[in-house]
Amino acid sequence: MTENILQFAAFESFVCPTFWHKLAELKIEHDRLSDAPKPISGHYTNHKAAGCLLEVDYSAYNSSAQPPKFSHNAVGTIYNKNTIEEFKELDKTSLLSAEGQALLADMTSARVLDNPSLLARFFVLSFADLKCHSYYYWFGFPCPLTHPLQLQSEAVRVKDLQNFAAVAEALRAVPSEAQNFFILYANEELESVEVRSLSAALTNIDNTEAEHYYYCFADPSEYEHPAWLMRNYVAFLLMQCPTLLGKTLKFLGLRYDQQMNVDNSLIWKVVQNDACDLTRIENVKFVGWEPNRNCKMGPRMVSMRDSMDPAKLAENSVNLNLKLMKWRLLPELNLEAIAQTKCLLFGAGTLGCAVARNLLSWGFKHITLLDSGKVGYSNPVRQNLYTHADAVMGNKMKSTTAAERLLEINPSAVAKGYVVQIPMPGHTIGEAMLEQTTNDLTLIEEQVHAHDVLFLLTDSRESRWLPTVLGAVHQKIVINAALGFDSYLVMRHGSTRECVGDQGNEIEGLKCIMGQKLGCYFCNDVTAPGNSLKDRTLDQQCTVTRPGVSNIAASYAVELLVALLQHPQRELAPAYYAQSSHKRQQVESTAAIPEGLLGILPHSIRGLLYNYENILPATEKFSQCIACSQPILASFRSEGHAFLLKAFETARYLEELTGIADFKSLHCEIIDFDDDEFDMSEGDENDSGPTTTNIDE
């Protein structure tokens, strides 16, 4: 008989999409810039095997994961690189050699005896293009390059053995977790058949008994040739038992059919006559790179873009830039706090649209808009959630249309819009409008109660009064943004939550106001809001501003909220300000103002475009404020809608309730002074700072 060289069926990788999805998640959330090798696992099956597949899925990254039923574990490593250049330039020969040497180290240390799965070794070199959802990868199945095995005869099926019944019974009795590699002792003369583990059979091997050994393994090959992993099996046996060199060895590839029969399992009788010293690891060469789909040596690429749900794809892409912040710049950034925060926007105009878009950019998912207006022809150029087609229709409401646009931009968002008129002080409610006003009040209160943050983005001063009161009563975070022609005001209202813990640090030259003592939008006023549209010309009724002002103010409003959410005290975070221009310059030069994760947390930001300047004043609560003072809050809690209707009937009611009507009887003088005269001396540094003025919307 002419001797033949035994051929092997090479492993083929089969990668489930979940493997890539999990890799992307781990890269973004945990690994970030680390490209250190990570252990993974795969599995193969010898049950009705198709091809010669090694499969990996999402469970590959779970160290305690068990292989699926009728499958066996393979031990692997993934090398995921940060850039495509690193992926291309990596020395592939050195990587294969390093993995092969690790395999030989397991063999020489006898770790394989305790864990035979180490013989089924693989690795993956990869690069994940997370922006395009494309993955470049190359599988390797390392194996030492040894002398060929001589096939002594054609492969025979187990069912053709004379003692088939006993052998089949013994094979079926092997536990599934032990079927990957084991030894079958079958002595026909003694009619003895016994299954043994590698450790039991190969430790101090008995050469006489070895003549009756079948070296069994779970064979994932469907071909006449055994699977690739038999190469490592042979190398390990000859390294562990050098006396087997030159002897005929019987290998049994265990294969199950649909009925779980082992009849078609194959037996190969082989011999290796030439020794190969695998103990000198540094001199051993290795093979095992998987060819690509063109049967050439090179990596593969798969795009998950088409296989992913478009909504999920959008969500992953939206969150990508945010999560990348945590790689280098802000490892402590709490994106979950942002995603869970529910924002209620009063006003869906120029400010409302800009704020909503910025909220989406930061990963806020829950956005609700309240507005009573329709989309007009002048709106689309300034309000970026509307189009000319919306205006042409003539009946498109701003709040609902804006919510629809937000969902078009990010399908995973929870965006809603309600058409509602915000009742205002000084705007009398007639009998005919009483029922509608009551319904509007109920809806507004329900929405305030259901949300965490209120944005006041309306185009009149009096329309901000009701949200300010409700925000204070229900202890919500309130962010206010108001516009002038070339100026803007962005501020956070003081909280009504009780402060627990840190009360702020006293810093020389700085005044500290705790979050619960900060004033609201109305705290600097000594008059109640009235009907600001009465007796006004068109240019006074509309919000006439330089186009860039609204985008700047909206950006500051959202950034201020995000900074608050990242601060351990949230809305109770203190605000600091310098008590004089001299002190301000001194503090700025020493960077003494305490910072949160995203920088300082001012009370308010007042900006001027004509000289491109921002100032950061802070003011304390006014005990007679017509929106957040105790008389107002107590009256609302006790009277509810009845109190509100009184305020809507006449603004004087609020002045009398808080006592600021008395101010009108005082004679006030205007004192002119320049900035140098306004600077306080060192002895006055504990006095209150200057009172700030409001900006007309």
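Residues numbered from 1 in each chain as written. Predicted model: local features only at pLDDT ≥ 70, side-chain atom pairs only at ≥ 80, totals over all residues. Heavy atoms only, no water.

## So, the overall build of the chain
Within the chain, the secondary structure is distributed over 22 helices and 26 strands. When each of the 697 residues of the chain is scored for burial, the buried share is 51%. Restricting the contact set of the chain to residue pairs at least 6 apart, pairs at least 24 apart contribute 74%. (Helix = DSSP H or I, 4+ residues; strand = E, 2+ residues; numbered from the N terminus. Buried < 20%, exposed > 50% of the residue type's maximum accessible area, 1.4 Å probe, protein only. Contact = heavy atoms within 4.5 Å.)

## Considerations on the pairing of strand β18 (residues 366-371)
For a regular strand, the rule is simple: side chains alternate between the two faces of the sheet. The buried count for β18 comes to five of six residues, which makes it a mostly enclosed element. Relative to β18, strand β17 (residues 342-346) runs parallel, the two sharing five bridges. Directly across from F346, in β18, lies its bridge partner L370. Handedness of the β-α-β unit built from β17, helix α11 (residues 350-361) and β18 comes out right-handed. Sheet analysis places β18 next to strand β19 (residues 414-419), joined by six bridges and oriented parallel. Looking at β19, one finds that H366 is bridged to V414. (Pairing = 2+ DSSP bridges. Right-handed = clockwise from strand over helix to strand, strands pointing away.)

## With respect to the environment of V355
Its place among the elements puts V355 in helix α11. What makes V355 buried here is its relative accessible area of 0%. Taking C-alpha positions, V355 is 4.9 Å from A554, a pair spaced 199 residues apart along the chain. If near-sequence neighbours (up to four positions away) are discounted, V355 is found in contact with L345, F455, L457, A554 and V558.

## Some words on helix α3 (residues 92-108)
An α-helix turns once every 3.6 residues. As a result, residues three or four positions apart point the same way. With 17 residues, α3 should cover 24 Å at 1.5 Å per step; its first-to-last C-alpha distance of 24 Å lies within 8% of that length. Where α3 is concerned, the buried positions are K92, L95, L96, E99, G100, L103, L104, D106 and M107. Regarding α3, its N-cap is D91, as a side-chain oxygen of that residue lies 3.1 Å from the backbone nitrogen of T93 further along. Count one or two residues on from α3 and you reach A110, which has phi positive near 70°. (Expected span 1.5 Å × (residues − 1). Polar contact = N/O pair within 3.5 Å; in protein donor to acceptor, adjacent residues only side chain to side chain.)

## Here's the deal with the pairing of strand β11 (residues 192-196)
Pairing of strand β10 (residues 181-187) with β11 involves five bridges; the strand directions are antiparallel. Bridge pairing links A186 to V193 in β11. Hairpin connection between β10 and β11: a loop of four residues separates the two successive antiparallel strands, and E191 in this loop has a positive phi of roughly 50°.

## Topic: the confidence of the model for the chain
Averaged over the chain, the pLDDT score is 87; the fraction of residues at 70 or greater is 88%. Confidence scores differ between elements of the chain, with helix α16 (residues 538-541) showing the lowest mean pLDDT of 46 and β17 the highest of 98. (pLDDT = per-residue confidence, 0-100.)

## Comments concerning the environment of I600
Examined against the element boundaries, I600 turns out to sit in the loop between α18 (581-590) and β25 (604-608). A relative accessible area of 33% places I600 in the partly exposed class. Taking C-alpha positions, I600 is 9.9 Å from P574, a pair spaced 26 residues apart along the chain.

## Remarks on the nonpolar core
Residues L202, Y215, Y233 and F251 are the most contacted members of the largest nonpolar core, which totals 86 residues. Ranked by residue count, the leading element in this core is helix α8 (residues 229-240), at nine residues. Among the domains, domain 1 (12-145) and domain 2 (151-280) are the pair contributing at least three residues each to this core. Setting aside residues up to four positions removed in sequence, L202 forms contacts with L113, I183, Y215, F236, L237, Q240 and C241. Counting 52 residues, the second-largest nonpolar core is a separate cluster that includes L345, W362, I477 and A481. (Core = buried A, V, L, I, M, F, W, Y, C linked by side-chain atoms within 4.5 Å. Domains from an automatic or database assignment.)

## Some thoughts on the packing of aromatic side chains
What the rule picks out here adds up to 26 aromatic pairs. Arranged with centres 5.0 Å apart and planes meeting at 75°, the rings of F123 and W289 form a pair that is edge-to-face. On the criterion of sequence distance, the pair formed by F123 in strand β6 (residues 121-129) and W289 in strand β15 (residues 286-289) is long-range, its members being 166 residues apart. Take F123 and W289: they sit in the same class, and that class is buried. The interplanar angle of 25° and the centroid separation of 6.2 Å between the aromatic rings of F139 and F141 together place this pair among those described as stacked. (Phe/Tyr/Trp six-rings, centres within 6.5 Å; stacked < 30°, edge-to-face > 60°.)

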